[in-house]
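Notes for the structure review
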Amino acid sequence: MSSSGQVPPTKRKQTDTYKNWMKRNDGSLKSSGTAFIRKLVKTWREHQDKHHKINIYMNKLLHSIFFLGHIHKARLPPTAFFESQEVMYDLKRRFPQAFNNYKCPPHQTPFSILLDLAVRICRCEGEEERGIKTFLLSFLEALKLPPKIKGESNYTNYYTLEATVIAVCYNETPGALRPEKYYGASLSCRGEREKNIVINWSCLKVWHDYVSYAVLSFRHDEQGNGIRFPVSVKCRAFYRNHQTNCYEDRRPCKNCGDLFSLSNPETDRNDFPYGNCAETECLSKLIFNDQDVRSNMILGIYCTRETLKGLREKAGIALEHGLKA
Ligand SMILES: [Zn+2]
């Protein structure tokens, strides 16, 4: 009996298959992707009856992981992410699109789709934001990813599909009790080529014109031009503390200060390209969905249809090169 008077659950014995699996989990894309899909299948089975739309997220997630495998330097076909042939054939039968179209870039990286799924599952709950974080943290914990340690053999190839940062934003309108919140994740792909492909694709096909303009202007123009949100827009970001497995507040980085004039940004330049941040995704969703925000944006004189067209042409060329490389 424990101090609470309850009989503690008996600890499940770790099978040899499980132990072997843990040994192989070296933090590479192959093992991270396999662990991710494994946990995903479990989550899918648990929520299948309650959330009918979960199949849409499943399809998107598999497609996104397979695409990252496809553009990885050690090219990984979809079959590389499965330990069980049975599970693979079952998923192939249910989600043929993901298996057939994986060479075409997805609209989001895997963790961003997982975040959308978390929002979908937790939306009706009172403590939505907390529920979302709990969902993500328990998902990540189940992956049992090895730590990234400088000097260890996995350091250079460390690729876990986790987004380093997640962000939330909303328009605080007077009178509205609970403003609609929009969430975003930083890119959960690794490598310069991978990030460039996803950012260019997002600027062409996914993000709102205003966000695409800001990102592309900093990527391609000598002097980038940011956009500014009305003061009623609030944006917060969080990163996961790996020791405590908790999300902690994080200041906007310098890139976000440049792109979106977010207040109190860090002053040091970081190594990530413009467009990598979680804020980019959630702010784009906010602009798409909030007419009030859309009409009160401060865009600057250079943000015109023609300039954006020119910038998008450059992104298109860069994307083509990236995909061919
Ligand atoms: Zn940032």
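Residues numbered from 1 in each chain as written. Predicted model: local features only at pLDDT ≥ 70, side-chain atom pairs only at ≥ 80, totals over all residues. Heavy atoms only, no water.

Time to look at the side chain of N200. With respect to the helices and strands, N200 occurs in helix α8 (residues 192-206). The class for N200 is buried, based on a relative accessible area of 2%. Among all residues touching N200, those that are not within four sequence positions of it are L216, R219, H220, A315, A318 and L319. (Helix = DSSP H or I, 4+ residues; strand = E, 2+ residues; numbered from the N terminus. Buried < 20%, exposed > 50% of the residue type's maximum accessible area, 1.4 Å probe, protein only. Contact = heavy atoms within 4.5 Å.)

We now examine the packing of aromatic side chains. This model, assessed by the stated rule, comprises nine aromatic pairs. Put simply, the rings of F66, F81, F82, F99 and Y102 touch in pairs and so form one group of aromatic residues. Note that K60 overlies the ring of Y57, its terminal NZ or CZ placed 6.0 Å from the centroid. The ring of F238 has K133 lying over it, and the distance from NZ or CZ to the ring centre is 3.5 Å. (Phe/Tyr/Trp six-rings, centres within 6.5 Å; stacked < 30°, edge-to-face > 60°. Lys NZ or Arg CZ within 6 Å of the ring centre and 35° of its normal.)

What follows covers the coordination of the zinc ion. Distances from the zinc ion to its protein donors, namely C253 (SG), C256 (SG) and C277 (SG), fall within the range 2.2 to 2.3 Å. Counting the intervening residues between successive donors of the zinc ion yields the motif C-x2-C-x20-C. With C256 in helix α10 (residues 254-260) and C277 in the loop between α10 and α11 (278-289), this residue pair connects regions lying 21 residues apart in the sequence. In terms of burial, C256 and C277 fall into one category: buried. (Donors = N, O, S within 2.8 Å, 3.2 Å for Na, K, Ca; no water.)

In globular proteins that are soluble, nonpolar side chains generally tend to be buried together. F36, L91, F111, L114 and L136 are the most contacted members of the largest nonpolar core, which has 96 residues in total. The dominant element in this core, judged by the number of residues it contributes, is helix α3 (residues 54-71), at 10 residues. Those residues in contact with F36 that lie beyond four places of it in its chain are L61, I65, P110, F111, L114, F139, L143 and L161. (Core = buried A, V, L, I, M, F, W, Y, C linked by side-chain atoms within 4.5 Å.)

Right, let's get into the domain arrangement of the protein. One widely used convention gives an interface's size as the accessible area the parts lose upon coming together. Each assigned domain of the protein is listed here: domain 1 (17-162) and domain 2 (164-325). When each unit is reduced to the centre of its C-alpha atoms, the spacing between domain 1 and domain 2 is 24 Å. If you look at the interface, domain 1 gives 36 residues, while domain 2 gives 32 residues. A buried area of about 2,800 Å², summed over both sides, lies between domain 1 and domain 2, and 54% of it is on carbon and sulfur atoms. Of all residues in domain 1, I71, E129 and E162 bury the most surface against domain 2, accounting for 22% of the area lost on that side. Across the domain 1-domain 2 interface, the total number found is five salt bridges. The partner of R236 in a salt bridge is E129, and the shortest N-O contact between them spans 2.9 Å. Here domain 1 is connected to domain 2 by 17 residue pairs in polar contact (both at pLDDT 80 or more). (Domains from an automatic or database assignment. Buried area = accessible area lost by both parts, 1.4 Å probe. Salt bridge = Lys/Arg side-chain N within 4 Å of Asp/Glu carboxyl O. Polar contact = N/O pair within 3.5 Å; in protein donor to acceptor, adjacent residues only side chain to side chain.)

So, about unusual backbone geometry. Trans peptide bonds make up the majority, and among non-glycine residues the majority have a negative phi. Even without being glycine, S261 reaches a positive phi, approximately 50°. With respect to the helices and strands, S261 occurs in the loop between α10 and α11. Take S261: its relative accessible area is 29%, and that puts it in the partly exposed class. With phi around 55°, N264 is a residue other than glycine that occupies positive phi space. Within the element layout of this structure, N264 appears in the loop between α10 and α11.

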